[in-house]
Amino acid sequence: MKELKIEYKTKTVRLVFGRGVFTNSLFPEGRKYLVLTDENVARLHGDKFKKISRFVKVLPPGEGSKTLDAASSLVSFLLEEGFTKDDCLVACGGGMITDLGGFVASVYKRGMGFISVPTTLLAQADSALGGKNGVNFASGEKTFKNQIGTIYQPELVAADPLFLKTLPPEEFRSGLGEVLKCGLCFSPSLFARLRDGFDENDIFECLSIKAEITAQDEFEEGARALLNYGHTLGHALESLSGFRLRHGEAVALGLLHETEEQSIKEKIRELLEKYSFPEFRFDKRELAAYIRQDKKIRQGKIRLPVLKDIGMTELLETDFDAYLQRLL
Ligand SMILES: NC(=O)c1ccc[n+]([C@@H]2O[C@H](COP(=O)([O-])OP(=O)(O)OC[C@H]3O[C@@H](n4cnc5c(N)ncnc54)[C@H](O)[C@@H]3O)[C@@H](O)[C@H]2O)c1
């Protein structure tokens, strides 16, 4: 087992990683637990969750469950069952479940206990750590990603690669999109290794990198924004595709299109081909409407991570319209 203690301003987060780290001993008696999961994860791993608590909430899988309505039903349930601030919400699932669970835990009585048990590669390598959470929000005919959320740290993240044995290949590939980003932006050795293949221990490298960056800058006032490389375009593509493109697939396309240096672009393209990432054709004007909703835009300016070289990323404050023209 590998372990990190990450000192955030608001909380110390314990991270455990390795095959078999998910055991009942992570959930000592003395408080109530609500396990939140989705139907796929419940079907494949539900027997393990029943041992943690008699309170298990199972939602339909997919982005359609990451809504304020779902959050509000969970709050009703917590109230009806008499959960207090000292009790704990345990999110067992992919990024959809850990984002929704983290959001509910952060607002219920202004913050209750929260444990994150990521079960997809994407959630293990990236989204379960750092405290960002949120729900999608529909306005008119469009649904915008993660428009309502908070930054709220879990007390524990338990990333157990045994969960990944049941993960469908397309979900695995989506997670690889975030692993690729991590190598491309922060670790030339990881980026080079990915040409030979993926190793489970790469997850811990991604987590260690994210832990260091997010502990330095918990509320994204500076360096944390570097983690958003590829995401400006990625989020917009994900929404524009009506969520047919998975998050990591969209991020991978974002990495390709946001990278200017041709030799690096070529290396990214080779990796996307190696791992069979899907292509996606988009209408530039339509895409622009989605990019305009990006949370990073403030007073017409956007602070963007730009890639200087493999493993070297820096932030550039730029005029949003100029950026859009260059990108599209
Ligand atoms: N908070 C953050 O920092 C952050 C970062 C990146 C992405 N995200 C969010 O994460 C979400 C995407 O996460 P995701 O890719 O994990 O998607 P997801 O949670 O929708 O899971 C993908 C699919 O895999 C299934 N699944 C989960 N675990 C499984 C397992 N062990 N075996 C078999 N099937 C399993 C789910 O049921 C679902 O169908 C998006 O909502 C995105 O916005 C958040």
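Since the model is a prediction, treat every value here as computed from it, not as a measurement. (Residues numbered from 1 in each chain as written. Predicted model: local features only at pLDDT ≥ 70, side-chain atom pairs only at ≥ 80, totals over all residues.)

**Focus: the overall build of the protein**
Phase 1 of the analysis: Along the backbone of the protein there are 12 helices and 12 strands.
Phase 2 of the analysis: Relative to the compact-globule value of 20 Å for 328 residues, the protein shows a C-alpha radius of gyration of 19 Å, a close match.
Phase 3 of the analysis: In terms of principal-axis extent, the alpha carbons of the protein reach across some 55 × 45 × 35 Å.
Phase 4 of the analysis: The 328 residues of the protein split such that 44% are buried.
Phase 5 of the analysis: Look at the contacts in the protein between residues 6 or more apart in sequence, and 66% of them connect residues 24 or more apart. (Helix = DSSP H or I, 4+ residues; strand = E, 2+ residues; numbered from the N terminus. Rg over C-alpha atoms; globule rule 2.2 N^0.38 Å. Buried ≥ 20, exposed ≤ 12 C-beta atoms within 10 Å, placed from the backbone. Contact = placed C-beta atoms within 7 Å.)

**Some remarks on the domain arrangement of the protein**
Phase 1 of the analysis: Partitioning the protein into domains gives domain 1 (2-167) and domain 2 (174-327).
Phase 2 of the analysis: In this complex, domain 1 contributes 26 residues to the contact, which on the side of domain 2 involves 24 residues.
Phase 3 of the analysis: Among the secondary structure elements, those contributing two or more residues to the side of domain 1 that touches domain 2 are strand S1 (2-7), strand S2 (12-17), helix H4 (121-127) and strand S8 (142-148).
Phase 4 of the analysis: Per-element accounting of the side of domain 1 that touches domain 2 gives the leading share, five residues, to H4. (Domains from an automatic or database assignment.)

**A short note on the sheet that holds strand S12 (residues 312-319)**
Phase 1 of the analysis: Spatial ordering of the open sheet is given by S10-S11-S12, a layout of three strands whose pairing is antiparallel. If you trace the sheet from one side to the other, it starts and ends with strand S10 (297-298) and S12, each paired once.
Phase 2 of the analysis: The sheet contact formed by strand S11 (residues 301-309) and S12 spans eight bridges and is antiparallel. Looking at S12, one finds that Val306 is bridged to Glu314. (Pairing = 2+ DSSP bridges.)

**A few points about the site of the ligand**
Phase 1 of the analysis: In the vicinity of the ligand, 32 residues are found, and the nearest of them are Asn40, Gly94, Gly95, Met96 and Ser127.
Phase 2 of the analysis: Among the elements of the structure, helix H1 (39-50), helix H3 (95-107), H4, S8 and helix H5 (169-186) are those that each provide at least two residues to the shell around the ligand.
Phase 3 of the analysis: Looking at side-chain class alone, the shell around the ligand contains nine nonpolar, 14 polar and nine charged residues.
Phase 4 of the analysis: Looking at which domains feed residues into the shell around the ligand, each of domain 1 (2-167) and domain 2 (174-327) supplies at least three. (Near = placed C-beta within 6 Å. Nonpolar A, V, L, I, M, F, W, Y, C, P; charged D, E, K, R; others polar.)

**A word on the pairing of strand S6 (residues 113-118)**
Phase 1 of the analysis: Of all the six residues making up S6, six are buried; the element is thus mostly covered by neighbouring parts of the structure.
Phase 2 of the analysis: Alignment of strand S5 (residues 88-93) against S6, held across six bridges, turns out to be parallel. The residue of S6 that forms the bridge with Cys88 is Gly113.
Phase 3 of the analysis: Following the backbone out of S5, through H3 and into the adjacent parallel S6, one traces a crossover that is right-handed.
Phase 4 of the analysis: Looking at chain direction, S6 and strand S9 (residues 156-159) are connected through two bridges and run parallel. By the bridge assignment for S9, Ser116 is matched with Val157. (Right-handed = clockwise from strand over helix to strand, strands pointing away.)

**Observations concerning the packing of helix H8 (residues 231-240) against helix H11 (residues 284-291)**
Phase 1 of the analysis: Direction vectors running N to C along H8 and H11 enclose 110 degrees, while the axes themselves pass 9 Å from each other. With respect to H11, the axis of H8 lies roughly perpendicular. The interaxial crossing formed by H8 with H11 has right-handed handedness. Contacts from Thr232, Ala236, Ser239 and Leu240 in H8 reach Glu286, Leu287, Tyr290 and Ile291 in H11.
Phase 2 of the analysis: Residue composition of the contact of H8 with H11, by class: five nonpolar, two polar and one charged. (Axes fitted to C-alpha atoms, helices over the stretch in contact; angles between N-to-C directions. Parallel < 35°, antiparallel > 145°, perpendicular 65-115°, else oblique. Left-handed = near helix turned anticlockwise from the far one by under 90°.)

**What to know about the environment of Phe83**
Phase 1 of the analysis: Note that Phe83 resides in the loop between helix H2 (68-80) and S5.
Phase 2 of the analysis: Sequence spacing of Phe83 and Lys5 is 78 residues, and the spatial spacing of their C-alpha atoms is 27 Å.
Phase 3 of the analysis: For Phe83, the contacting residues outside a window of four places in its chain are Lys32, Leu34, Leu78 and Met112.

**Considerations on the pairing of strand S4 (residues 55-59)**
Phase 1 of the analysis: With five bridges joining them, strand S3 (residues 33-38) and S4 adopt parallel strand pairing. Within S4, the position partnered with Val35 by the bridge is Val56.
Phase 2 of the analysis: Crossover connection from S3 via H1 to parallel S4: handedness right-handed.

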